[in-house]
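# Results of the structural survey
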Amino acid sequence: MYNDKEEYLKRAIKRTYKRYIGERTDEKATIVDVLNFFNISVDTTRLEDYDIESIDYNTPFIKVVDKKENTIVTSQYTENARLLNYSGSTKFINVIITNPNYRIESLYYTNSTIPIISQLTFIKDDYELIFEKERENYFSFGINADTRFVIRYMKNIKEGRKTGKQPLLTKIYQIKDSNTFEQDYTYGLQHLIKYNDRQDKYCYNEFGNFIYGINDIEIKDKLHRFNGICFEKINKEFRRYLPYNINEKDFTKYFNENVCKSAIIFTGSTGKGIHHFLTISKNKTFNSDNLLNDDNIHLKYEAIKWKSITKEDGTPDQEKVIIAAKELQVAKINDDNISSLEIQNILEQLTAKENEDIDNIFIQTVINELRNFINKLEVQKGLKEEIDELSPKEFINKTFEEIYTLVSKDKDKFFDLISNQFHEATNIKIEQGYTKVLK
């Protein structure tokens, strides 16, 4: 009857609402019939507790009050999808549930009752603990995953003209088919507070291959631009797993899957312009025809500095000065991918008394991250359980009702947990927090 679907929807909402309030008597309608247009669910055993406080057919928009639970629900058809950072021609239904104890915001396609993305927010003083679930979509920064779950720890800033929400810690877990991705990072794009130490770490578990990466670790006045990548197994898609500041051209031989079985690379800078590099490679053992018989895992450490020089023609240039260099070997246990036991043997080499000459904050951070790699590898292999009550992995299959019930029972506990994790991530403890000039 109506060519314009949006116009038909507006008329249908208006017609149903008037039947509900009794202005039309051709048919009967309940509050549930009206709210169905707006993806609002109610407890049908106590419909008398709900009032429609306002409704706009043209937007369309509705505001509903649950008197018993002291809850306000608004729902609006909109082209501004804040949760997706998207604004365009596509219409969505945005539903917001506000209660003294929590806030839930959900975004739907207009023809769906399953949310694209939902956020459950708990507030304590100036801080927010946010649980966010998103399914695959193609808007703005649409995710390449079936489902993504994010836990955000935020601080509300109100200091003079400086107002806004400062991200403190973000924890991500997402699933695509049987593959997973995890990421934990501090702060973000906002810079409303003074930053402490920073970190950004991630993991891929794809087709049975585990990859641990570090986009950044910064320890103030001690370590800068620390990056790392740990490949349980090298594959031809290695480029897409590399952290921002590791250039494949600098480490070409480690990414040759025909030669290298597993590879680990760390880079970083310390005081006085010293740049550090540590590589660990486990090569394949070739047959006799290929002439290579490698029974060791190879470690190579180098610390360099760039010295300004003037070339013979008078033009300025830089010269590489090696401050320190060392090569170590650890016996393979087998020819498979690198194992947690082999990494443990590498750690023993790095911490051995005879290697005290490379005892600096860069190496100490490498040791910490190799321990993290061991832990995550063993969790992925099922050799140990992950102990983190605030891991997004633990929440991704829960409903928001289950999450609300769990967190609201002991809200202070969960805020303390996330606060401790943030503090740990931004105040990295290094036993020997100094940098030696290596000789």
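What counts and what doesn't
Residues numbered from 1 in each chain as written. Predicted model: local features only at pLDDT ≥ 70, side-chain atom pairs only at ≥ 80, totals over all residues. Heavy atoms only, no water. Helix = DSSP H or I, 4+ residues; strand = E, 2+ residues; numbered from the N terminus. Rg over C-alpha atoms; globule rule 2.2 N^0.38 Å. Buried < 20%, exposed > 50% of the residue type's maximum accessible area, 1.4 Å probe, protein only. Contact = heavy atoms within 4.5 Å. Areas by Shrake-Rupley, 256 points an atom, 1.4 Å probe, with all protein chains shown as cover. Lys, Arg positive; Asp, Glu negative; His and termini not counted. Charge placed at Lys NZ, Arg CZ, Asp CG, Glu CD. Arc of directions from axis to C-beta. Pairing = 2+ DSSP bridges. pLDDT = per-residue confidence, 0-100. Phe/Tyr/Trp six-rings, centres within 6.5 Å; stacked < 30°, edge-to-face > 60°.

Per the secondary structure count, the protein includes six helices and 17 strands. In terms of C-alpha radius of gyration, the protein reaches 28 Å, well past the compact-globule figure of 22 Å for 439 residues. Projecting the C-alpha coordinates of the protein onto the three principal axes gives extents of approximately 90 × 60 × 55 Å. Residues counted as buried form 46% of the 439 residues belonging to the protein. Across the protein, the fraction of contacts at a sequence separation of at least 24, relative to all contacts at a separation of at least 6, is 48%. Total accessible area on the protein stands at roughly 23,900 Å², and carbon and sulfur atoms take up 45% of it. If the 64 positive side-chain charges of the protein are averaged to one point and the 70 negative ones to another, these points end up 3 Å apart.

Of all the positions in helix α5 (residues 400-409), only Phe400, Ile403 and Val407 are classed as buried. For α5, the angular spread of the buried residues around the axis is 55°, confining them to a single face. Opposite its buried face, α5 presents the exposed residues Glu401 and Lys409, each directed more than 90 degrees away. As for α5, its buried residues are in contact with β5 (102-109), β6 (117-124), β7 (127-135), β8 (147-159) and α6 (411-426).

It is worth spelling out the pairing of strand β11 (residues 198-206) at this point. In terms of burial, β11 is a largely internal element, eight of the nine residues being buried. Sheet topology note: the strand β10 (residues 179-186)/β11 ladder contains six bridges and is antiparallel. Residue pairing for β11: Glu182 is matched across the bridge by Cys203. Pairing analysis gives nine bridges linking β11 to strand β12 (residues 209-219), with the strands arranged antiparallel. Each bridged residue has a counterpart across the sheet, and for Asn205 the counterpart in β12 is Phe210. What sits between β11 and β12 in their antiparallel hairpin is a turn of two residues, with Phe207 showing a positive phi close to 50°.

Another aspect to go through is the confidence of the model for the protein. With 95% of its residues at a pLDDT of at least 70, the protein reaches an overall mean of 91. Long-range and interchain partners of residues 431-439, a stretch whose pLDDT sits below 50, account for 24 contacts in this model, where long-range means more than four residues apart.

Taken as a whole and judged by the stated rule, the model has 30 aromatic pairs. Measuring from centroid to centroid gives 4.8 Å for Phe181 and Tyr204, while their planes differ by 50°, and the two rings are tilted. On the criterion of sequence distance, the pair formed by Phe181 in strand β10 and Tyr204 in strand β11 is long-range, its members being 23 residues apart. Residue class for Phe181 comes out buried when judged on its relative accessible area of 13%. Geometrically, the ring pair formed by Phe251 and Tyr254 is tilted, given 6.4 Å between the ring centres and 50° between the ring planes. An aromatic cluster of three or more residues is present, and its members are Phe181, Tyr202, Tyr204, Phe231, Phe238, Tyr241 and Phe255.

Here the focus is the side chain of Ser106. Counting through the fold element by element, Ser106 comes out in strand β5. If near-sequence neighbours (up to four positions away) are discounted, Ser106 is found in contact with Leu83, Ile93, Asn94, Val95, Pro115, Ile117 and Ser118.

What follows is about the environment of Asn372. The topology assignment puts Asn372 in helix α4 (residues 361-380). Note: C-alpha distance between Asn372 and Tyr212 (160 residues apart in sequence) is 8.9 Å.

Our next topic: the pairing of strand β4 (residues 86-99). The side chains of a regular strand alternate between the sheet's two faces. Bridging between strand β3 (residues 71-81) and β4 involves nine bridges; their strand directions are antiparallel. Across the sheet, residue Asn80 finds its bridge partner in β4, namely Ser87. Between β3 and β4, which pair antiparallel and follow one another directly, the connecting turn spans four residues, one of which, Asn85, has a positive phi of 55°. As judged from the eight bridges shared by β4 and β5, these two strands associate in the antiparallel manner. Across the sheet, the residue bridging to Ile96 is Glu105, located in β5. In this structure, the hairpin formed by β4 and β5 is closed by a connection of two residues.

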